[in-house]
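Below are the chains, spelled out letter by letter.
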Amino acid sequence: MPRDPDPPPAKRFKPGSPFFRLDKKKPGMLLPRAGHAAVGVDTQRKQLPIYQSRTQLINQIRQLHNAVFIGETGSGKTTQIPQYLYEAGIGRQGIIGITQPRRVAAISLAARVAEEKKVQLGKLVGYTVRFEDVTSSETKLKFMTDGMLLREAIGDPLLLRYTVVILDEAHERTVHTDVLFGVVKAAQRKRTEQNKIPLKVVVMSATMDVDLFSQYFNKSPVLYLEGRQHPIQIYYTKQLQSDYLQAALVSIFQIHQEAPASHDILVFMTGQEEIEVLARTCRDISKHLPESCGPMTVVPLYASLPPAQQLRVFQPAPKGSRKVVLSTNIAETSITISGIKYVIDTGMVKAKCYNPDSGLEVLAVQRVSKAQAWQRSGRAGREDAGSCYRLYTEEEFDNLANMTVPEIQRCNLASVILQLLALGVPDVLNFDFMSKPSPESLRTAVEQLCILGAVDRKDDQVSLTPLGKKMACFPLEPRFSKTLLISPDFSCAEEVLTIISLLSVDSVLYNPPARRDDVLAVRKKFISSEGDHMTLLHIYRAFKKVSGNKDWCRENFVNSRNMGLVLEVRAQLRDICIKMNMKLESSLSDLTNVRRCLAHGLFMNAAELQPDGSYVALDTHQHVAIHPSSILFQAKPACVLFNELLHTSRCYMRDLCLVDADWLQEAAPEYFRRKLRATKS
DNA sequence: GAGCACTGC
């Protein structure tokens, strides 16, 4: 099988200014051509390049316990390999599970494979994602989110229902995939030891950099899959660009003046504000260009955009007009836009960094990795040859990190540790991670679980308490599952269910800046002096009273999509509570108990007013401030809980709840005694 | 008196 993509073609595009230089050394990244709709699915399957290697592939996989595949996204590997295995009778005693980092991918892949096998979705071919299980006892090819397989593993750590697990999109290195690496490896070893049916593990990645995968899975062979792909010409800037936004603007109009109008442009940027500003500038400039230039349709794209506006990226621009999509990294993986001929890569991304000592997560603009830069350029060649303009020099590219730091090395690990313990991993601190998180990060996580009463520590051994075991059953952050589990003691489980559901999805509050005064006026009727949590609870109750009426949502600036999610999350959590025989009561109008309960679960996120009017977080002793969006912004209460700290111009607490300092002491006397000692020394 | 990339159970 070929190891390298085809070399790029002759230079097809001559930039009008000396701004860019062509990369002659590095091959372009290549991507697949879409299947031809007029041809039947069987013919389409046979036309995929992977079909040529079918027999060879099957013979190889049959003999292997582990294999690593490299092939571009959509090269057919994800839809074909599970079918090849099934058709060859490999793993027929059980299920072939294929994991995906995203829900939509799991669903659409299952639908595609069911179509190819000419079966009804949910029979032979099915999928499982949160809130949706379209499988049956007949299901042999099961597409699922990686988080879902991880959940399943808690009830079945050896994954005995599965004979093959295919971990797809492994290069993305999500926390879930990374934990799964260790889980499937351990399951594989134990099944061999116990003489059970062996488990085959297949890792699929889009990047060539797969040594780590191969090493980790017992030096498994790496198989290269040829894709039917289009060449992409890469350009770099000749000099360093001090202002990537300015450089993006120049590049957009450079292309706009020279390329045919049907060639669309995709620009990768860092965030909403930046995108909206550049969109306005582009629209302004394009109005004042000579007529020979033709019009421009500028479309912003980011996750918090209302769904209707997101759909605009799929609409073709009016005839003669060029579409310019300004996007965050949502267009790197989650959303695929057809017709893109040019990609402009600013080389920057907004990403979360985690400081394990302070426990603080900071969202910061950073450089992309090489892998990410290739992913971005690949978006230019979905249907035909394309070009990618990198707004940095070739030298800067060479100095980029090869891979993005795996998420597991930059997040709070409390949930991961709890889940591993629930899986029965004996020595969590020495779990066989493919990329080990820092010891401080592991220690902080165990410490947090200990304070919450989820784990016991003896010497270096960490074990789950009965409470911790229950906490692991909820798809929630540990602090939230703890709060929910103690809510029956305060006779307010129904309210806590609502509040925790509201806190675990994106905000249900819609705040269009242009209508600020209207928003404030309308929101007055829900305000609770007890804080943001109780205000949210009021909004939820009002929403339920009108049965989720869409007009009501619009009038009250409530995001109905997110509110719908709240209902789903709440129903799922409530089911788990019922299975646990928890007493579900409502505290009705008196919300003091609810706040008292929150204090007992979320005491680690508390802050106290200082004599000078500022606040200090009790856990880390750092100075914090109330975010101006909070209901309590002007109230200056003596003691508050907060849902999260947001580090921007200052360290802000968001989503606050008024509490009594005594409640916190009651909730965790030992913890606060220690904190006090730490302050004095 | 601020302004938050993207997933997922």
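These figures come from a predicted structure and were not determined experimentally. All residue numbers here refer to positions counted from 1 along the written sequence of the relevant chain. Written order determines the labels here, with chains lettered from A and ligands numbered from 1. Reporting of local features is limited, given that this is a predicted model, to residues whose pLDDT is at least 70; pairs of side-chain atoms are given and counted only at 80 or more, and all residues count toward the totals for whole chains, interfaces and linings. Processing note: side-chain calculations cover all non-hydrogen atoms of the structure and skip hydrogens and water entirely.

## Quick look at the protein's contact with DNA strand B
No. 1: Whether a residue is near a molecule or strand is decided by its heavy atoms; if any one of them lies within 4 Å of it, the residue is near. Taken together, the neighbourhood of DNA strand B is formed by 32 residues, with Arg103, Ala303, Lys350, Thr648 and Arg654 sitting nearest.
No. 2: Counted as a polar contact is a pair of N or O atoms within 3.5 Å, where, for protein atoms, one must be capable of donating a hydrogen and the other of accepting one, and residues adjacent in sequence contribute only when both atoms are in side chains. The backbone of arginine 103 places a nitrogen or oxygen atom 2.5 Å from a phosphate oxygen of DNA strand B.
No. 3: Elements with a contribution of two residues or more to the surface near DNA strand B: α5 (146–155), β17 (348–355) and β26 (651–658).
No. 4: Secondary structure counts use DSSP, requiring at least four H or I residues in a row for a helix and at least two E residues in a row for a strand, with both numbered from the N terminus. A total of three residues in the surface near DNA strand B trace back to one element, the largest contributor, which is α5.
No. 5: In this count, Pro and Cys sit with the nonpolar residues alongside Ala, Val, Leu, Ile, Met, Phe, Trp and Tyr, while Asp, Glu, Lys and Arg are called charged and the others, Gly among them, polar. Partitioning the surface near DNA strand B into residue classes produces 12 nonpolar, 12 polar and eight charged.

## Regarding the packing of aromatic side chains
No. 1: Under the pairing criterion, centres of Phe, Tyr and Trp rings, with the six-membered ring standing for Trp, must be within 6.5 Å; the plane angle then separates stacked pairs below 30 degrees from edge-to-face pairs above 60, leaving the rest tilted. Going through the model one piece at a time under the given rule, you end up with 15 aromatic pairs.
No. 2: Measuring from ring centre to ring centre gives 6.3 Å for phenylalanine 603 and phenylalanine 672, while their planes differ by 65°; the resulting arrangement is edge-to-face. Highlighted residues: phenylalanine 603 in the loop between α23 (592–602) and β22 (606–609) and phenylalanine 672 in helix α25 (residues 669–680), separated in sequence by 69 residues.
No. 3: Only protein chains enter the accessibility calculation, which uses a 1.4 Å probe; a residue is then buried when its area is under 20% of its type maximum, exposed when over 50%, and partly exposed in between. Overall, phenylalanine 672 belongs to the buried group, its relative accessible area being 7%.
No. 4: Taken together, the aromatic side chains of Phe181, Phe213, Tyr216 and Phe217 make up a single cluster linked through ring pairs.
No. 5: The criterion for a charge sitting over a ring is simple: Lys NZ or Arg CZ within 6 Å of the ring centre, and within 35 degrees of the ring normal. Here the basic side chain of lysine 185 rests over the ring of tyrosine 216, its NZ or CZ set 4.0 Å away from the ring centre.

## A short note on helix α15 (residues 439–451)
No. 1: Here the expected length of a helix is defined as 1.5 Å per residue gap, with one fewer gap than residues. Helix length check: α15 (13 residues) gives 18 Å between terminal C-alpha atoms against 18 Å at 1.5 Å per residue, within 8%.
No. 2: When α15 is considered as a whole, its buried residues turn out to be Ser441, Leu442, Thr444, Ala445, Val446, Gln448, Leu449 and Ile451.

## Details of the packing of α5 against helix α6 (residues 175–193)
No. 1: At their nearest, the axes of α5 and α6 sit 9 Å apart, and the two run at 40° to each other. Compared by their axis directions, α5 and α6 come out oblique. Two packed elements cross with a definite hand, and for α5 against α6 that hand is left-handed. Between α5 and α6, the residues in contact are Asp146, Gly147, Leu149, Leu150 and Ala153 and His176, Thr177, Val179, Leu180 and Val183, respectively.
No. 2: Here the residues of the contact of α5 with α6 sort into six nonpolar, three polar and one charged. Every axis corresponds to a line fitted to the C-alpha atoms, with the helix fit spanning only the stretch in contact, and the corresponding angles, defined between N-to-C directions, vary from 0 to 180 degrees. Orientation is classified from the angle alone, with under 35 degrees giving roughly parallel, over 145 giving roughly antiparallel, 65 to 115 giving roughly perpendicular, and any other angle giving oblique. Each crossing is labelled by how the near helix is turned from the far one, with a counterclockwise turn of less than a right angle marking it left-handed and a clockwise turn marking it right-handed. Here, residues are in contact when the closest pair of their heavy atoms is within 4.5 Å.

## A closer look at the sheet that holds strand β9 (residues 200–205)
No. 1: Two strands qualify as a pair provided DSSP detects at least 2 bridges between them. Spatially, the eight strands line up as an open sheet ordered β6-β5-β7-β4-β8-β9-β3-β10, and their pairing is mixed. Bordering the open sheet on either side are β6 (132–134) and β10 (222–224), each of which pairs with just one other strand. Strand after strand, the sheet turns through a mean of 20° between neighbouring axes, direction not considered.
No. 2: One ladder, built from five bridges, connects strand β4 (residues 95–100) with strand β8 (residues 162–167); its direction is parallel. Note on β8: the bridge partner recorded for glycine 97 is valine 165.
No. 3: Against the sheet, helix α3 (residues 77–87) engages β3 (66–70), β4, β7 (141–145), β8 and β9, with an angle of about 170° to β4.

## Focus: a positive patch on the surface
No. 1: Patch membership requires more than 30% relative accessible area and the absence of a salt bridge. Residues of like charge join within 9 Å; the nonpolar side chains Val, Leu, Ile, Met, Phe, Trp and Tyr join within 5 Å. Note on areas: Shrake-Rupley, 1.4 Å probe, and residue coverage restricted to the protein chains presented here. Throughout this description, the term salt bridge denotes a Lys or Arg side-chain nitrogen within 4 Å of a carboxyl oxygen of Asp or Glu. Charge counting follows a simple rule: Lys and Arg are positive, Asp and Glu are negative, and His as well as the terminal groups are ignored. Charge positions are represented by NZ for Lys, CZ for Arg, CG for Asp and CD for Glu. A cluster of like positive charges, contributed by Arg280, Arg283, Lys287 and Arg312, occupies part of the molecular surface.
No. 2: Checked against the element boundaries, lysine 287 lands in helix α9 (residues 272–287).

## Brief notes about the sheet that holds strand β25 (residues 639–647)
No. 1: Sheet architecture is closed into a barrel: five strands sit in the order β22-β23-β24-β26-β25, paired in mixed fashion. Sheet twist, expressed as the average angle between the axes of neighbouring strands with direction ignored, equals 50°.
No. 2: Where strand β24 (residues 623–626) and β26 come together, two bridges link them in parallel fashion. When the bridges of β26 are listed, alanine 625 appears paired with tyrosine 652.

## Details of the nonpolar core
No. 1: By convention a nonpolar core is built from buried Ala, Val, Leu, Ile, Met, Phe, Trp, Tyr and Cys residues, the set being connected through side-chain atoms within 4.5 Å. In this structure, Phe181, Ile417, Leu420, Phe474, Leu484, Met563 and Leu664 are the most contacted members of the largest nonpolar core, which totals 107 residues.
No. 2: Contacts of phenylalanine 181, omitting those with residues within four sequence positions, involve Leu167, Ala170, Arg173, Val203, Phe213, Tyr216, Phe217 and Met434.
No. 3: Residues Ile96, Leu141, Val164 and Ile166 belong to the second largest nonpolar core, which totals 31 residues.

## Focus: the environment of threonine 465
No. 1: Tracing the backbone through its elements, the reader meets threonine 465 in the loop between β21 (461–464) and α16 (466–471).
No. 2: A relative accessible area of 11% means that threonine 465 is categorised as buried.
No. 3: Sequence separation between threonine 465 and cysteine 450 is 15 residues; the distance between their C-alpha atoms is 9.4 Å.

## So, the domain arrangement of chain A
No. 1: You can read the domains of chain A as domain 1 (34–224), domain 2 (231–407), domain 3 (412–460) and domain 4 (478–680).
No. 2: Where each domain starts and ends comes from a domain assignment, either automatic or drawn from a database. The C-alpha centroid of domain 4 is placed 27 Å from the C-alpha centroid of domain 3.
No. 3: The quantity reported as buried area is the accessible area (1.4 Å probe) lost by two parts once they are put together, taken as the sum for both. Both faces considered, domain 3 and domain 4 share a buried interface measuring about 650 Å² in area, 76% of it formed by carbon and sulfur atoms.
No. 4: For domain 3, the biggest contributors to the area lost against domain 4 are Gln448, Ile451 and Leu452; these three give 74% of the whole.

## Comments concerning the side chain of glutamine 188
No. 1: Among the structural elements, glutamine 188 can be located in helix α6.
No. 2: For glutamine 188, a relative accessible area of 6% corresponds to the buried category.
No. 3: In terms of polar contacts, glutamine 188 uses its side chain to reach the backbone carbonyl oxygen of leucine 199, at 2.9 Å.

## Focus on the pattern of salt bridges
No. 1: In total, this model carries 30 salt bridges according to the counting rule given.
No. 2: Put simply, arginine 367 and glutamate 396 hold a salt bridge, and the shortest N to O gap is 2.9 Å. Taken together, the residues span a long stretch of sequence, with arginine 367 in strand β18 (residues 360–367) and glutamate 396 in helix α13 (residues 394–399) at a distance of 29 residues.
No. 3: Look at arginine 367 and you get partly exposed, because its relative accessible area is 46%.
No. 4: By relative accessible area, glutamate 396 is classed as buried at 15%.
No. 5: One salt bridge in this structure joins glutamate 494 and arginine 570, with 2.8 Å as the shortest N-O distance. With glutamate 494 in helix α18 (residues 493–503) and arginine 570 in helix α22 (residues 560–579), this pair connects stretches of sequence that are 76 residues apart. Here glutamate 494 matches arginine 570 in class, with each residue buried.
No. 6: Through salt bridges with shared partners, one network takes in Arg45, Arg54, Glu87, Arg112, Glu115, Glu116 and Lys117.

## Here's the deal with the packing of helix α17 (residues 478–486) against α23
Helix packing for two helices is described by the angle between their axes and how far apart those axes are.
No. 1: Packing of α17 against α23 leaves a shortest axis separation of 8 Å and a crossing angle of 135°. Relative to α23, the element α17 lies oblique. Relative to α23, α17 is oriented so that their crossing is right-handed. The segment α17 lies against α23, with Arg479, Phe480, Lys482, Thr483 and Ile486 engaging Cys597, Leu598, His600, Gly601 and Leu602.
No. 2: Class assignment for the residues of the contact of α17 with α23 results in five nonpolar, three polar and two charged.

## A short note on α5
Within an α-helix, residues lying three or four positions from one another point in the same direction, as the helix has 3.6 residues per turn.
No. 1: Along α5, the positions that sit buried rather than exposed are Asp146, Gly147, Leu149, Leu150 and Ala153. All buried residues of α5 lie within an arc of 160° about the axis, which places them on one face of the element.
No. 2: Here the buried face of α5 lies against β4, β7, β8, α6 and α14 (414–422). The directions considered for the arc run from the helix axis to the C-beta atoms.

## A closer look at the side chain of threonine 297
No. 1: By the element assignment, threonine 297 lies in strand β14 (residues 296–301).
No. 2: At a separation of 2.7 Å, a polar atom in the side chain of threonine 297 contacts the side chain of serine 321.
No. 3: When sequence neighbours within four positions are dropped, the list of residues in contact with threonine 297 reads Ala317, Pro318, Ser321, Arg322, Lys323 and Val324.

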